[in-house]
Amino acid sequence: MNRRATLMLEIKNLHVAVDGKEILKGLTLSIAAGQVHAIMGPNGSGKSTLSYVLAGRAGYDVTSGSIAYNGEDLNALKPEERAAKGIFLAMQYPVEIPGVTTLTFLKTALNAQRRARGEKEVDAMTVLKTVRKRAAALKVSEEMLKRALNVGFSGGEKKRLEILQMSLFEPRLAILDETDSGLDIDALKLVAEGVNALRAPERAMLVITHYQRLLDYIVPDRIHVLAKGRIVAEGGKELAHELEAKGYEHIVGKAA
Amino acid sequence: MNANVHWLDERRAEAANRFAALGVPHRRIEDWKYSDLKTALDGANDDAAAAWSLGKLPTDVELFDLANAESAPHWVKAHLGSLPQNAMAASSLAHARGGFALRVSRSANAAPLTLEFSGAGSVRALIVLEEGAALTLCETQVCEGFSNLGVEIVIGANAQLTHIRMAPRADGAVQVEEYAVSVARDGVYRAHFFNGGAKLSRAELQIALAGANAQAHLSGVSVLGGTAHADNTTHVTHAVAHTASTQLFKKIAGGRSRAIYQGRITVAQGADKSDSRQTAKALLMGERAEADLKPELEIFADDVKCAHGAAVGDLDANSLFYLRARGIPETEARNMLVRAFLEEAVAEIADETLRATVWQAVEDALPQAMLP
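Not measured: the values here are computed from a predicted model.

### Let's talk about the overall build of chain A
Each helix and strand in chain A was counted, giving eleven helices and twelve strands. Against the compact-globule benchmark of 18 Å for 256 residues, chain A has a radius of gyration of 18 Å, which places it among compact chains. In terms of overall dimensions, chain A has C-alpha extents of about 55 × 40 × 40 Å along its principal axes. Expressed as a percentage of its 256 residues, the buried residues of chain A come to 44%. When contacts within chain A are restricted to residue pairs at least 6 apart in sequence, long-range pairs at least 24 apart make up 70% of them.

Okay, here's the thing in structure tokens:
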């Protein structure tokens, strides 16, 4: 097998502008199937921009460079096409949607993805059974599933529901955008356990975080430090502790 | 002249004078700013008589045909034309020669009563709920040309009226409806208005919460496409203490349609502990659609709770992205969000069958309304 074929995500010299302002300025990064990579960086470094551009959000314009996902140009795909092909973004701020119950949403999304892949749709009962099985481990209650999507959910509940979706959709590339933000230590452990349970040889993960704390629970294979729109340092899991001890300034300053 | 009809002639003459003084409303009159009736009518007159028909009457509901005014029973004489009349209500009272009056007694069974207004012209209706009575009224209005419906609703102590008003899209029609409602102590008026829109469609509610614990709960959806126009205007008066009202109106406007909500709440002096909530929201499906939402509060009491809000916008970009990022195609995601938006108002209808009827009307109207 050649190395290229095992790379799931290959980002080369990526430049992204939002409202005409360049946020990512030549980012290069690749992740192979089965690996968990972390992106750490200070506020304003471009972490969320990277997650949005991977998910295909409108208004995040790739001005140069490329993103290949399993060898395919990602930039040509709509958000829903990316989802059907196995890209999942656990969002930093999950959206509240009044009037759509959580379970209905899960069923609609799952079947939309299956339909796009030419797979048979699953009925409501099957979805409910699958969801129940996975919800228990994440302490997502039956009552939450009946409520409108994310409406009135606590910060922790919203993040748990994101991980439940990840577990249900079984993506090939999961991007977790600051999934730890706003979580207390118990909620963080619960979410991390949920994520770890989904580690698999055929799945890659990109964990985006500001803090080293999350990486004590989701131990990455590789850490990339993002600052001012570029990767400025890379290393193994020990890099997180160095960042924690010395601060971003130290690393970012050294790179500049 | 028959002395027995004299009572009605007097009221009609009074109403005619009032209408003559006020004239056909037009856009320079603040309350009609968004619904220029004079221009829409363009000289059409309202001499014709719109038709009405009622379904099977529940037991202990008494019907009186207003065409036989000379034999009107005391309860018709007591109430017909007794509630406040604005210009168009005065016009329907002055000009209508047809119509009906209903009296619901406490022992009436709760079976829903269907009512349909059709044709062109003026018509009057009077609905009286006696103390402790309950009625569910399912009104459909399919009038054409110019129609002017004047409806008076008198809700007695501890009586409850649930009123569903369906107005499917009627291109070219000019539909004016004036509902004057009084609610006595412990009485409840619940109403839901579905609008598909017309050349001009105006449904105006004047509600007086006249006794302690009287309540009015209003909701409605407008699903408008093409050049449809629909105006919900409400004026709820909390006349005494301990009265409550809620309003929730949702509107979708596509094409070059125009959705209007004007809601005034008056809390009279001494109407302390009144509680009112009022929300109107509109989603515009294209750049040429328009929504005008105008909630207003007039408070003359001290100790009251009043909350109001109005918002016009496009579908929320964050929500749309969230659904698409989960694999739901854009068209389907938009449909989901629009339905969810409207559903909140339709959910105000407690009865499942009625809710399904209204929802079907929403579904029928949506494809047109979703077009930019």
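### Concerning the environment of alanine 200 of chain A
All names here are of chain A. With respect to the element layout, alanine 200 can be found in the loop between helix H8 (185-197) and strand E10 (204-209). Owing to 12 C-beta atoms within 10 Å, alanine 200 belongs among the exposed residues under this scheme. Residues alanine 200 and glycine 152 lie 48 residues apart in sequence; the distance between their C-alpha atoms is 33 Å.

### Let's talk about the sheet that holds E10 of chain A
All names here are of chain A. The mixed open sheet is built from six strands, whose spatial order is E6-E9-E10-E3-E11-E12. Lying at the two open borders of the sheet, with one neighbouring strand each, are strand E6 (87-90) and strand E12 (230-235). Across the sheet, the axes of successive neighbouring strands diverge by a mean angle of 20 degrees, strand direction being ignored. The pairing of strand E11 (residues 222-227) with E12 spans five bridges and is antiparallel. From the neighbouring strand, isoleucine 223 faces E12, where its bridge partner is glycine 235.

### Focus: the sheet that holds strand E4 (residues 60-69) of chain A
All names here are of chain A. Ordered by their spatial adjacency, four strands build an open sheet running E2-E1-E4-E5, and the pairing between neighbours is antiparallel. The strands lining the two open edges of the sheet, one partner per strand, are strand E2 (21-32) and strand E5 (72-73). Pairing analysis gives nine bridges linking strand E1 (residues 7-18) to E2, with the strands arranged antiparallel. Bridge assignment links leucine 7 to a residue of E2, and that residue is alanine 32. Where helix H2 (residues 47-55) meets the sheet, it contacts E1, E2 and E4, and its direction lies at approximately 70 degrees from that of E4.

### Some details on the interface of chain A and chain B
Contacts between chain A and chain B engage 20 residues on the former and 17 residues on the latter. Ranked by residues supplied to the side of chain A that touches chain B, first place goes to helix H4 (residues 102-116) of chain A with five residues. Looking at the side of chain A that touches chain B residue by residue, the classes come out as 13 nonpolar, four polar and three charged.

### Focus on the environment of alanine 101 of chain B
Position of alanine 101 of chain B among the secondary structure elements: in strand E3 (residues 99-104). Every residue in contact with alanine 101 of chain B, bar those within four places of it in the chain, is listed here: Phe64, Leu66, Val76, Leu80 and Leu126 of chain B.

### As for the confidence of the model for chain A
Per-residue confidence for chain A averages 92 on the pLDDT scale, and 97% of its residues sit at or above 70. In this model, residues 1-5 of chain A is a region of pLDDT below 50 whose contacts with residues beyond four sequence positions or in other chains number one contact.

What counts and how
Residues numbered from 1 in each chain as written. Chains lettered and ligands numbered in written order. Predicted model: local features only at pLDDT ≥ 70, side-chain atom pairs only at ≥ 80, totals over all residues. Helix = DSSP H or I, 4+ residues; strand = E, 2+ residues; numbered from the N terminus. Rg over C-alpha atoms; globule rule 2.2 N^0.38 Å. Buried ≥ 20, exposed ≤ 12 C-beta atoms within 10 Å, placed from the backbone. Contact = placed C-beta atoms within 7 Å. Pairing = 2+ DSSP bridges. Axes fitted to C-alpha atoms, helices over the stretch in contact; angles between N-to-C directions. Nonpolar A, V, L, I, M, F, W, Y, C, P; charged D, E, K, R; others polar. pLDDT = per-residue confidence, 0-100.

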